[in-house]
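# Structural overview
The primary structure of each chain is shown beneath.
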Amino acid sequence: MALRGGHVPAQDTQAPPIVGLGMELGDREFETFRAIVLKELGISLSAEKRALVAGRLMKRLRHYGLAGYQDYLALAMADEHEDERRILLNLLTTNETHFFRENEHFVYLEKTVLPSRQPGAVFRAWSAACSTGEEPYSIAMTLAAHLPEGSWEVLGSDANDDVLAHARAGVYPIAARDEIPEKYLKRFCLKGVRSQEGRLLIDPALSSGVEFRQINLVKPLPVIGLFDVVFLRNVMIYFNQKTKGEVLDRIVPSLKPGGRLFVGHMESLVGIGGDLKKVAPSVYRTP
């Protein structure tokens, strides 16, 4: 799960309305959408995202033939339209990722974490904001290349169930091959043929070790067990300080003693890291 945003600023009463096909996203409606996203996902939409909100929700107004955004709000918030609220949230989250993003983390995983793992134990990794699946599959390739078969498992989770469907399919544009190291590309990926021509497919032998679940990090976590590593990258920057602390309070207990937490290179845990110890750039270890 990732969305570009920042702290919620004071309402700008002078901001011009966003207009589309004669429809305006007024101040009141925009602030209501912002409040919904903040409450449900912990993400603060900046004022600069007003055009994005208007554009992405316009397709739902067209779908229902509605006269304006206020009508859509009334529809989406009705008790009988829970599925529409899910669609609303999915539309207002932007998921940007790629294979082996911030590659230094995968080198650290291979060179430092895996050699010190507990022999005989199943190595468990969690990609906690996995978007369309590139990160958990990158983790899986690294584990499969260096650990015995059946000795590892990966969980990928996101609040957006649309991107999870993409992740489970394991099908990507053929250009994604340029992001994957050659040694992994040959071993774990397939070139699509016939109906999948022009696509890159994750080998089912690898994807069988990866589970995907819908998990909202700003809500209480389901029972998912303990992990050797958790990748929580490029999502904390979209939370305010209070929400960051609450998310960490949920996630850190899911790490085994000595487990590692990976965050994005632009993220910091200063003031909220608790007992976590920084052991490498954007890598933290539990006691």
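What you see is a predicted model; the values in this text were computed from it and never measured.

Looking now at the overall build of the chain. Within the chain one finds ten helices and twelve strands. By its C-alpha atoms, the chain is 60 × 55 × 35 Å across when sized along the principal axes. In the chain, which comprises 287 residues, the proportion classed as buried is 52%. Contacts spanning at least 24 positions in sequence make up 74% of the contacts within the chain whose residues lie at least 6 apart. For the chain, the accessible area works out to roughly 13900 Å², and carbon and sulfur atoms hold 52% of it. Each charge class in the chain can be summarised by its mean position, and for the 35 positive and 35 negative side chains these summaries are 5 Å apart.

Here strand 11 (residues 277–280) runs beside strand 12 (residues 283–285); their pairing, made up of three bridges, is antiparallel. Residue pairing in the sheet places Lys278 in a bridge with Tyr284 of strand 12. Here strand 11 folds back onto strand 12, and the loop between the two strands holds two residues, one of which, Ser282, carries a positive phi near 60°.

It is worth spelling out the packing of helix 2 (residues 50–64) against helix 4 (residues 82–91) at this point. Here helix 2 crosses helix 4 at 150°, and the two axes come no closer than 9 Å. With respect to each other, helix 2 and helix 4 are oriented roughly antiparallel. Two packed elements cross with a definite hand, and for helix 2 against helix 4 that hand is right-handed. Across from Arg56, Leu57, Lys59, Arg60 and Tyr64 in helix 2, the residues of helix 4 making contact are Glu84, Ile87, Leu88 and Leu91.

Between side chains of opposite charge, a pair can form as their charged atoms come close. According to the stated counting rule, one finds 13 salt bridges in the structure shown. For Arg233, the salt bridge is made with Glu102, and the minimal N-O distance between the two is 3.7 Å. A residue pair is termed long-range when its members are at least 10 positions apart, and Arg233 in the loop between strand 9 (227–232) and helix 10 (241–251) and Glu102 in the loop between helix 4 and helix 5 (104–113) qualify at 131 residues. Each member of the pair, Arg233 as well as Glu102, carries the same accessibility label: buried. The closest approach of N and O atoms between Glu182 and Lys186, which form a salt bridge, is 4.0 Å. With Glu182 and Lys186 both in helix 8 (residues 182–188) and four residues apart, this pair spans about one turn of that helix.

Another aspect to go through is the sheet that holds strand 3 (residues 123–127). Spatially, the seven strands line up as an open sheet ordered 8-4-3-9-10-12-11, and their pairing is mixed. At either margin of the open sheet sits one strand with a lone partner, and together these are strand 8 (210–214) and strand 11. Between one strand axis and the next, the sheet turns by 25° as a mean value, whatever way the strands run. Here helix 5 sits on the sheet and contacts strand 3, strand 9, strand 10 (255–263), strand 11 and strand 12; the angle it forms with strand 10, its principal contact strand, is near 155°. Lying on the sheet, helix 6 (residues 134–146) is in contact with strand 3, strand 4 (152–158), strand 8 and strand 9; it crosses strand 4 at an angle near 175°.

On to the nonpolar core, then. One finds Trp126, Leu232 and Leu261 to be the most contacted residues of the largest nonpolar core, which totals 50 residues. Sorting the residues of this core by element identifies strand 2 (23–25), helix 1 (27–41), helix 2, helix 3 (69–76), helix 4, strand 9, helix 10 and strand 10 as the ones contributing at least two each. The residues contacting Leu232, other than those within four sequence positions of it, are Ala128, Leu217, Val247, Leu248, Ile251, Leu261, Phe262, Val263, Gly264 and Glu267. Formed by 38 residues, the second largest nonpolar core is a distinct cluster that contains Phe99, Phe100, Ala140 and Ala280.

With that settled, consider the packing of aromatic side chains. Counting across every chain of the model gives eleven aromatic pairs. Seen from their ring centres, Tyr184 and Phe188 are 6.1 Å apart, and the 45° between their planes marks the pair as tilted. In this pair, Tyr184 and Phe188 both sit in helix 8, four residues apart, roughly one turn of the helix. Through a chain of ring-to-ring contacts, the aromatic side chains of Phe100, Phe106, Tyr108, Tyr184, Phe188, Phe231 and Phe262 assemble into a single cluster. In this arrangement the basic side chain of Arg124 is found over the ring face of Phe227, its NZ or CZ atom lying 4.2 Å from the centre.

What follows concerns the environment of Ile272. Note that Ile272 resides in the loop between strand 10 and strand 11. Judged by its relative accessible area of 15%, Ile272 falls in the buried class. When the C-alpha atoms of Ile272 and Gln214 are compared, they prove to be 25 Å apart, with 58 residues separating the residues in sequence. What Ile272 contacts, discounting residues up to four positions off in sequence, is Met236, Gln241, Lys244, Gly245 and Leu248.

Definitions and limits used
Throughout this document, residue positions are counted from 1 along each chain, in the order its sequence is written. Predicted model: local features are reported for residues with pLDDT of at least 70 only, side-chain atom pairs are reported and counted for 80 or more only, and whole-chain, interface and lining totals are derived from all residues. Only heavy atoms go into the side-chain values, all of them from the structure, while hydrogens and water stay out. Where helices and strands are cited, they refer to DSSP runs of H or I of at least four residues and of E of at least two residues respectively, numbered from the N terminus. Partly exposed residues are those whose accessible area sits between 20% and 50% of the maximum for their type, while under 20% is buried and over 50% is exposed, using a 1.4 Å probe and protein chains only. Contact definition: two residues touch when any of their heavy atoms are within 4.5 Å. For every accessible area listed, the method is Shrake-Rupley and the probe measures 1.4 Å; residues are considered covered only by the protein chains on display. We count Lys and Arg on the positive side and Asp and Glu on the negative side, and we leave His and both chain ends out. Positions of charges follow a simple convention, taking NZ of Lys, CZ of Arg, CG of Asp or CD of Glu. If DSSP finds at least two bridges between two strands, the strands pair. To get an axis, a line is fitted to the C-alpha atoms, and for a helix only the part in contact is used. The angle between two axes follows their N-to-C directions and goes from 0 to 180 degrees. Each angle is binned into one of four classes, with values under 35 degrees roughly parallel, values over 145 roughly antiparallel, values of 65 to 115 roughly perpendicular, and all other values oblique. For any helix crossing, the convention is left-handed if the near helix is rotated counterclockwise from the far helix by under a right angle, and right-handed if that rotation is clockwise. Should a side-chain nitrogen of Lys or Arg be within 4 Å of a carboxyl oxygen of Asp or Glu, the pair is scored as a salt bridge. In this description, a nonpolar core means a group of buried Ala, Val, Leu, Ile, Met, Phe, Trp, Tyr and Cys residues linked to one another through side-chain atoms lying within 4.5 Å. Within 6.5 Å between ring centres, the rings of Phe, Tyr and Trp (the latter by its six-membered ring) count as paired, and their orientation is classed by plane angle as stacked under 30 degrees, edge-to-face over 60, tilted in between. Ring-over charges, as used throughout, are those where CZ of Arg or NZ of Lys falls within 6 Å of the ring centre and within 35 degrees of the ring normal.

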